[in-house]
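What the coordinates show
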Amino acid sequence: MKGLRQSIRQTWADARREPAFTSLYIGGVALAIAFTMIFAMIYYVKLAPVYPEYKRGNTLYLNNVSFVVKRDNMTCMSMVGYEFYRDYLSQVENAEIISAYSEAYRGPVFINSLDGTTQFRIQVNATDPAFFKLYEFNFLAGKPFTEADLNSAIQVCVMSDRMAERIFGQIDKAVGGEIVLNDVGYRVIGVVKEGSVLTPRSFAQVYVPYTTAPDYDYTSCGVPYLGSMEVRFSVKDGAQEAALRAELDDILRRINAADTTGVVSIVNQPVTHYQTAFMDFENEEFSWMTVVKKYAVILLVLLLVPAMNLSGMIAGRMEKRLPEMGIRKSFGATRRRLLSQVLAENFYMTLAGGLLGLVIAWVIMFVNRSWIYGIMTKYTSLPVDTVTTEVSGEMLFAPAVFLVTLLLCIVLNMASALLPAWWSLRNPIVSSLNEKR
């Protein structure tokens, strides 16, 4: 403990003696940490289990189906058709949760204010009761709609708390109330804590049974396998995921054996949630090695280049400190002791820069959250006039992300300090003392 206090005092004294170097060092580390943190936090929000998408690690998506017509070899591709989902995909055995989402409300959806005098655009999600099992929403009032509501196309809905407060004034008054979506009346039966547009798979302001949406069962290219639905599966583990993929392959084999008009395919699907974060199209070929290479280069640019610059600064500083090191050697300080002191000084300054960088990253992430949202998602048609980009605490304050980033920065900075320090301390005492002259 005494040695630690002495090391800190020595670092503080050196920092006060060379404020320009200290400021540049800490500032360089802070910027490297800040930009790396922003990069890491963007992908943390995409990948980590955050409200209400806590099951991301076990979720798979099937979005696209292709159909090759045998007669003229023409290929049609679209989202999943309702009949295909109803007759086959909803019946699979190797999934804990199967949920369908319909893009029937892909166009603008307007909700009337309570007095009917104004309309504004909102985000509507046409889905099923299983959606609320896959995504663990916090119900503040009421309950989700049921299978009976879905099968009977009952016009009920679940609202977010912010939309409920905007329409009804308070949450408690929303349940049992009536709203109008594109001139169609719905009864509110539940209110959930609103998610964030940064979790677009689950985000909406109003959730309705997909059977109440217009043309939810339409077919594309006149093929029942193609339509407007996205299917989501939740599996227990890797073994069940493999069994699900085998089961889907068997379904396609049976369909194609019986259908003489064409060939159905779900190329490279279903895809995991982790894969979708790094894919442009969810039926493209995917390779984790390609992802690792791409983002390793980005991390090297963000961390290695600043570390190399710091190494040059440290080398110049060590040249100036050679007389000091020579004097300390003459009084019995070993090379190992001096090297430890130099590395300790760099460690403390790196730690200070890391903490400053963390604060900078948090401020940038919070102030520019709408701009960062634009980077994070391809969805650009959200009704921005009624949506705020919510950045929750669990998204912003991710200790694991900061610790990993700081550890990488410390390792690189220590490595960048080690070589110039070790090289300078190899000088004999006489040569070091002569630097004073």
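All of these numbers come straight from a predicted model, not from anything done at the bench. Each chain carries its own residue numbering, running from 1 in the direction its sequence is written. Local features in this predicted model are restricted to residues of pLDDT 70 or higher, and side-chain atom pairs are both shown and tallied only at a pLDDT of 80 or more, whereas totals for entire chains, interfaces and linings draw on every residue. In computing side-chain properties, one takes all heavy atoms of the structure into account and sets aside hydrogens as well as water.

The next subject is helix α7 (residues 238-258). By definition, any uninterrupted DSSP run of H or I lasting at least four residues is a helix, any uninterrupted run of E lasting at least two residues is a strand, and each is numbered from the N terminus. In this scheme, a helix's expected span is set at 1.5 Å multiplied by one less than its residue total. An ideal rise of 1.5 Å per residue puts 30 Å on 21 residues; α7 measures up with 31 Å between its terminal C-alpha atoms. It only takes one pair of heavy atoms within 4.5 Å for two residues to be counted as in contact. For α7, the elements touching its buried residues are β1 (59-62), α3 (82-87), β14 (229-234) and β15 (262-265). Where α7 begins, one side-chain oxygen reaches toward the backbone nitrogen of A239, 3.2 Å away; that side chain belongs to D237. Definition of a polar contact: a pair of N or O atoms within 3.5 Å, with one able to donate and the other able to accept a hydrogen when the atoms are protein atoms, and with sequence-neighbouring residues admitted only if both atoms are side-chain atoms.

The pLDDT value tells you how sure the predictor is about a given residue, anywhere from 0 up to 100. Across the protein, the average pLDDT comes to 80, with 74% of residues at 70 or higher. Looking at the elements of the protein, mean pLDDT is at its lowest for helix α15 (residues 429-434), recorded as 45, and at its highest for helix α4 (residues 131-134), recorded as 97. Between residues 429-433, whose pLDDT stays under 50, and residues either more than four places distant or in other chains, the model counts 10 contacts.

A large share of β14 lies buried, amounting to 6 of its 6 residues. Between buried and exposed lies partly exposed: a residue is buried under 20% and exposed over 50% of the maximum accessible area for its type, with that area taken using a 1.4 Å probe on protein chains only. What you see with β14 is no split at all: M229, V231 and F233 on one side and E230, R232 and S234 on the other are buried throughout. Here β1 pairs with β14 via 4 bridges, running antiparallel. If you follow L60 over to β14, its bridge partner there is F233. Here strand β4 (residues 97-102) pairs with β14 via 6 bridges, running antiparallel. By the bridge assignment, Y101 is partnered in β14 with E230. Strand pairing is assigned whenever DSSP detects at least two bridges linking the two strands.

Pairing of aromatic side chains requires ring centres within 6.5 Å, counting the rings of Phe and Tyr and the six-membered ring of Trp. Pairs whose planes differ by under 30 degrees are stacked, by over 60 edge-to-face, and all others tilted. The tally for this structure, following the rule as stated, stands at 19 aromatic pairs. Aromatic ring contacts, followed pair by pair, group Y51, Y54, F131, F132, Y135, F137, F139, F145 and Y207 into a single cluster. Only Lys NZ and Arg CZ are tested; either one counts as a charge over a ring when it is within 6 Å of the ring centre and within 35 degrees of the ring normal. Above the ring of F120, the side-chain terminus of R166 is found at 4.0 Å from the ring centroid. Between the NZ or CZ atom of R201 and the centre of the ring of Y61, over which it lies, the distance is 3.8 Å.

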